[in-house]
Each structure stands twice: as C-alpha cells, then as structure tokens.
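Next come the chains, spelled out residue by residue.
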Amino acid sequence: MVALIDGQPRLCNLKDLVQVFLEHRREVVTRRTVFNLRKARDRGHVLEGLAVALANIDEFIRIIRESPTPPVAKAELMTRKWDSKLVREMLTRAKADGGIVNADDYRPEGLEREFGMQADGLYTLSDTQAQEILQMRLQRLTGLEQDKIVGEYKDVMAEIDDLLDILAKPERVSTIIGDELQALKAEFGQTKLGARRSAIEHSAQDLSTEDLIAPTDMVVTLSHSGYIKSQPLGEYRAQKRGGRGKLATATKEDDWVDQLFIANTHDYILCFSNRGRLYWLKVWEVPAGSRGSRGRPIVNMFPLQDGEKITVVLPLTGEARKFPADQYVFMATSMGTVKKTALDEFNNPRKAGIIAVNLDDGDYLIGAALTDGQHDVMLFSDGGKAVRFDENDVRPLGRNARGVRGMMLEDGQSVIAMLVAGDEQQSVLTATENGFGKRTPIGEYTRHGRGTKGMIAIQQSERNGKVVAATLVHADDEIMLITDTGVVVRTRVSEIRELGRATQGVTLIALDEGAKLGGLQRIVENDANSETASGLAIDGEAESGTGTGATV
C-alpha cells in the first residue's frame, strides 16, 4: 500500500503502516499536551496572583481605595513584594518521589524573572496578575469563593505536574494512545456499548439514477415542431387575476406551444408514434431548460425508425401514474380503426418501445387519449363527416390487437381527427383545405353507434375542399392556421362564427393562389392559468390580435 510519509509517497507493508500511524498519534498527543500545559501555566499564574491578593486582602483594599486612578493602583501593587504562605508552599513542596518542586516549571512562557516568587520567598505581581486583581468582583471575597480560588489553584498545579510527567515519560504517551484507541473501539466498534449506527446489507439493491432524483413538480412544454423541455414549477410565481404572465418557452414564428402540463419528476409520459408504437419517458429525463430556450427535439430521445415520428404525448399524473386498470388509452387510426386498451397493459417500460396498436399497410395512428370509460369519442373524416359514440361501445383489447371499426369511410377518405368530448360547453372547430371553417356546438353532434358513416360535420363542396382539421375549442381560445406554403396565422376563436353542422363555414384565412390550408392547432399558452390550481401565469403573449401571415 502506498502512503504519504513526510510529504513523500512510500510503499509500505502492514507493519510499516502501523508504525507510521503510532508515530503520528505520538506526535498528536505530545503537541496536545504541550498546548494544554501552556494554557494551564497561564491559568495558574493568574490564580497565583489571586491567592496572593487573598492572603493580603486588607492591604490590597487599602491601596486600591487610596489610589486616584486604576493605573496608579496597578503600579503600586506591582512595586511591592507580597507574602503568601499557600503560594510559597505550592512552589517549594516536596514531590512524591522525594524531589523538590522546581518553581520554573509553573512559570508561563516569556514571563520575566523579576515577576513571580523570588529567592527570598516573597512574591512580585506581574501586569497580568495586577489587572486581574483590579477586575476581581467583591463577591469573590466571600469565604466560599476564596475556597474555590484556592481549590482551583491546587487543581491547576496538579494538572501541570501531570502534563510535565507525560512529556517526561514516553511510556505514558503510549498508554494514552492505547486508551484513546480503546475508547474509539467502544464507541464505534461492534460491541454492546457502541454498536454500529448503520447496518451494512451485502444484498442491498443497486441504486438507479431515478433513486437520486428528488420528487419535484415540473412544467413540461412541447412545441408544434417537436421541441420538449421541463422547468421547475417554482419558476412560475403566482400572479393576480389579469397579470401579463411569463413566457413559457422561446419559439420561432412558425412554431408555438402545442402542449403544456405539470407533472412530477417521477411521472411517466407516454409517447405514441404514427406507426402505432409506444415509448416511455420519465419527466426527469426531459431536458431542463430556461424560459428562453426551445428545448430538445423529442425525436432524438427515442430509437425511432425511418419515417417514424411522435404524434401524441400523454402525461400520467396523479392516480394515473400507478397505471390503474380502470383507466384506458383510446386510439384511432386514419382508416377508421379504434382501439381501447387498459392502462395497466402499458406498465412495463421498454427502451425499444412496444406495439400499442397493430396497423394495416398504409394506415397510421392519428390520435390517442386517456379515458375513464365515461366519455364520448368523436371521429372526423376528410370527407366532412363525423361520428360520435360512447367509448363503452368499444370493448378493451390487448396490446397486440388490431382494434375494431370506429367509422365507415368511403373510398379515398381517411380519418383526420379523434376528439374526446369533455363537456357540452365546448365547440368543434372544423377547417377545410381551401381556408374555410366554422364553430359548431358539440351538442349538435348526436350520439350514434360506432362503425357508421356518421353525420355531416361541414358541407363539403368545391369551394371548401377536403376537411383538414377538427379540434375542441372554447370561445376564449386562440388557434394557429398553417398552410402548405409555410404561412402561419394566429387568430381568436371568438372571431369565427358559430354555425350549424350542415353549413359550409366562413373564411378563416385568405390563401394565395395554389396554396392549401395544411391544418390548425389550438394554442395552449392561454390555458396556463387553468392548468395550475395555484393560478400560475405562463402566457407569453401580451397582445395576440388576429395575427398576420408570415412566410417561412
């Protein structure tokens, strides 16, 4: 074993290490003894002066009373020589071994020879002793206090004798080292007196990175272009009603916050791809960022295949984090297939992901949502039709199942949206490729059985073209419209007329010649206050307006 000895590394065996350790402990004990001896001598010197004062207390009081100032009294006390039987006996007594005490052994370091007990047996006070006498309180003159001073003086003298004996006898140093090691053994060793404070388990489980992550509430944001990040909830202070809010994330002109939720660092996030695969992500694995950063592309966090992309992100918060069997994941594909799977089917995370729904050739996943068996599901096709049915019409299926028919489609049509109706106060906003759209109260979509062609959601005509998007909105929401040429328009939902199902709608965006509307998305930034029960303001836009097209 290599040890650092005298500042140099040296290869040592066990005997060498023990010897070096004992030498170190001997030095420690010696230096500690010298330090204690210095303190004891200083204290003994003060007590000697007090003992001299007690032996001549009447004369001391007279001098102090007749002196005009304290310096004059101090000088007078230091000028005269005093007699003290106790001090003389302590400094001239015989030792137990027959030797005579050396008075110099009790003198503080640096004390001049003119102070202390002289050859004639009389005592001369030093400056320190005279100052202590002048500062002595009258209560020290009582009989009990005088006995305490005399007793302490004798104890200090005995302590000095003991410390000098330790320095004079190396075997006593060895005894002290042994006693201290025995005391350490008794306190920290495996004994009844001092058992270990911690239990060593040789079969303890290995710690994972997650075990070192403290449970913390985080604000997770996902932008439309797929940038994800997390921020501590504490960064968003509570604001009063009407506050301007804080920017949740930095986005480009063609990007916006698509999803925002609050989750614990130990919560799961279920990420579904367009190919029907499910990937797991813990909130603590989401890269942390400031309010001014965009985050990290979510596609870089999973082993995706060519052409595969994440289309749906579902946070499991609250009771859902335990994957209860009475909650479900409801999924829909572009060919009208729907599937409901119990949440506990997804409680075994795998790094490579799993198949959430088996897809036919050319089919892809267009939506997924968490349900509890009490909601209605709505499917919208690009042919302007919609079907609304009770989710209990779809029985729970296993992970590897293909699913059942949710909507009957005509040739060339596909499902473009799946909505889970939350309450009857919402409206359905539909948009067509030629820039037209409308709001329709959700109550006008009556419930039918699954697997039907559905009802008219918006009149499809040569003017409108195909339906490209459908989403649930409130009147105070805002939406973002995107064209296939890169133009982005932000507008308020309240500025879009509310019309019946069988109407063609109004103009949502003025398109350039040859351009088509690619889709729309509800902006969740304005939902920040409702997302947090504590009233956190995270809206990054002070003035939103209707928005203007920006070519990108």
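Residues numbered from 1 in each chain as written. Predicted model: local features only at pLDDT ≥ 70, side-chain atom pairs only at ≥ 80, totals over all residues. Heavy atoms only, no water.

Focus: the overall build of the protein
- Scanning the protein for helices and strands turns up eight helices and 28 strands.
- By residue count, 42% of the 552 residues in the protein fall in the buried class.
- Once local pairs closer than 6 in sequence are excluded, the contacts in the protein between residues at least 24 apart make up 73%.
- Accessible surface, the protein: about 29,400 Å² in total, of which carbon and sulfur atoms supply 49%. (Helix = DSSP H or I, 4+ residues; strand = E, 2+ residues; numbered from the N terminus. Buried < 20%, exposed > 50% of the residue type's maximum accessible area, 1.4 Å probe, protein only. Contact = heavy atoms within 4.5 Å. Areas by Shrake-Rupley, 256 points an atom, 1.4 Å probe, with all protein chains shown as cover.)

Here we look at the sheet that holds strand E16 (residues 365-371)
- Strands sit in the order E16-E13-E14-E19 across an open sheet of four strands; the sheet is antiparallel. With one partner strand each, in any of the chains shown, E16 and strand E19 (404-405) form the two edges of the open sheet.
- By the bridge criterion, six bridges tie strand E13 (residues 328-333) to E16 in an arrangement that is antiparallel. Pairing of Tyr328 across the sheet is with Thr371, part of E16. (Pairing = 2+ DSSP bridges.)

Concerning the pattern of salt bridges
- A complete count under the given rule lists 24 salt bridges for this structure.
- Of the charged contacts in the structure, one is a salt bridge between Arg62 and Glu66, with a shortest N-O distance of 2.8 Å. Of this pair, Arg62 and Glu66 both sit in helix H2 (residues 57-66), four residues apart, roughly one helical turn.
- Its relative accessible area of 33% is what places Arg62 among the partly exposed residues. (Salt bridge = Lys/Arg side-chain N within 4 Å of Asp/Glu carboxyl O.)

Considering helix H5 (residues 127-135)
- Among the residues making up H5, those that are buried are Gln129, Ala130 and Ile133. What you see down the axis of H5 is that its buried residues fit within an arc of 100°, all on one side.
- Of the surrounding secondary structure, the elements contacted by the buried residues of H5 are helix H1 (14-55), H2, helix H3 (70-79) and strand E5 (123-124). (Arc of directions from axis to C-beta.)

Some thoughts on the confidence of the model for the protein
- When pLDDT is averaged across the protein, the result is 83; 87% of the residues are at 70 or more.
- Taken element by element, the predicted model of the protein shows its lowest mean pLDDT in helix H8 (residues 528-531) (45) and its highest in E13 (95).
- The model gives residues 239-245 a pLDDT under 50, and that stretch makes ten contacts with residues more than four places away or in other chains. (pLDDT = per-residue confidence, 0-100.)

Quick notes on the packing of H1 against helix H7 (residues 170-188)
- Axis separation between H1 and H7 bottoms out at 10 Å; the angle between their running directions is 105°. Looking at the two axes, H1 sits roughly perpendicular to H7. Here Phe21, Leu22, Arg25, Arg26, Val29 and Arg32 of H1 come into contact with H7, specifically with Pro170, Val173, Ser174, Ile176, Ile177, Glu180 and Leu181.
- Classifying every residue of the contact of H1 with H7 by side-chain character gives eight nonpolar, one polar and four charged. (Axes fitted to C-alpha atoms, helices over the stretch in contact; angles between N-to-C directions. Parallel < 35°, antiparallel > 145°, perpendicular 65-115°, else oblique. Nonpolar A, V, L, I, M, F, W, Y, C, P; charged D, E, K, R; others polar.)

Some details on the sheet that holds strand E4 (residues 116-117)
- Spatially, the three strands line up as an open sheet ordered E3-E5-E4, and their pairing is antiparallel. Two strands lie at the open edges of the sheet, namely strand E3 (81-82) and E4, each paired on one side alone.
- Bridge count between E3 and E5: two bridges; the pairing is antiparallel. Directly across from Lys81, in E5, lies its bridge partner Thr124.

Some points on the pairing of strand E2 (residues 8-11)
- Bridge count between strand E1 (residues 2-5) and E2: four bridges; the pairing is antiparallel. Note on E2: the bridge partner recorded for Val2 is Leu11.

Concerning the environment of Met378
- Examined against the element boundaries, Met378 turns out to sit in strand E17 (residues 376-381).
- You can call Met378 buried: its relative accessible area is 1%.
- Non-local contacts of Met378, meaning those with residues more than four positions away in its chain, are made with Val387, Arg388, Ala417, Met418, Leu419, Val428, Ile442 and Tyr445.

Things to note about the packing of helix H6 (residues 143-168) against H7
- Where H6 meets H7, the axes come as close as 5 Å, and the angle between the chain directions of the two elements is 100°. Relative to H7, H6 is oriented roughly perpendicular. Taking contact as the criterion, the partners of Asp162, Asp165, Ile166 and Ala168 in H6 are, on H7, Pro170, Arg172, Val173 and Ile176.
- For the contact of H6 with H7, the residue count by class is five nonpolar, no polar and three charged.

Focus on the pairing of strand E25 (residues 478-483)
- Most of E25 sits inside the fold, with six of its six residues counted as buried.
- Neither face of E25 is exposed, since Glu478, Met480 and Ile482 on one face and Ile479, Leu481 and Thr483 on the opposite face are all buried.
- For E25 and strand E26 (residues 488-492), the ladder comprises five bridges, and the chain directions are antiparallel. The partner of Glu478 across the bridge, within E26, is Arg492.
- Two elements, E25 and strand E28 (residues 517-522), share five bridges in a ladder whose sense is antiparallel. Among the inter-strand pairings, Ile479 is bridged to a residue of E28, identified as Arg522.

Quick look at the packing of aromatic side chains
- Counted under the stated rule, the structure contains five aromatic pairs.
- For the pair Tyr279 and Phe302, a centre-to-centre distance of 5.3 Å together with 35° between the ring planes defines the contact as tilted. Placement of Tyr279 in strand E10 (residues 277-282) and of Phe302 in the loop between strand E11 (296-297) and strand E12 (310-316) is noted, with a sequence separation of 23 residues between them.
- Using a relative accessible area of 1% as the deciding quantity, one classes Tyr279 as buried.
- Each ring, one from Phe330 and one from Phe389, has its centre 6.3 Å from the other, and the planes form 45°; the classification is tilted. Residue Phe330 is found in strand E13, and its partner Phe389 is found in strand E18 (residues 385-390); the two are separated by 59 residues along the sequence.
- Judged by relative accessible area, Phe330 falls into the buried class, the value being 0%.
- Stacked on the ring of Tyr268, the Lys or Arg Lys282 has its end atom at 4.4 Å from the ring centre. (Phe/Tyr/Trp six-rings, centres within 6.5 Å; stacked < 30°, edge-to-face > 60°. Lys NZ or Arg CZ within 6 Å of the ring centre and 35° of its normal.)

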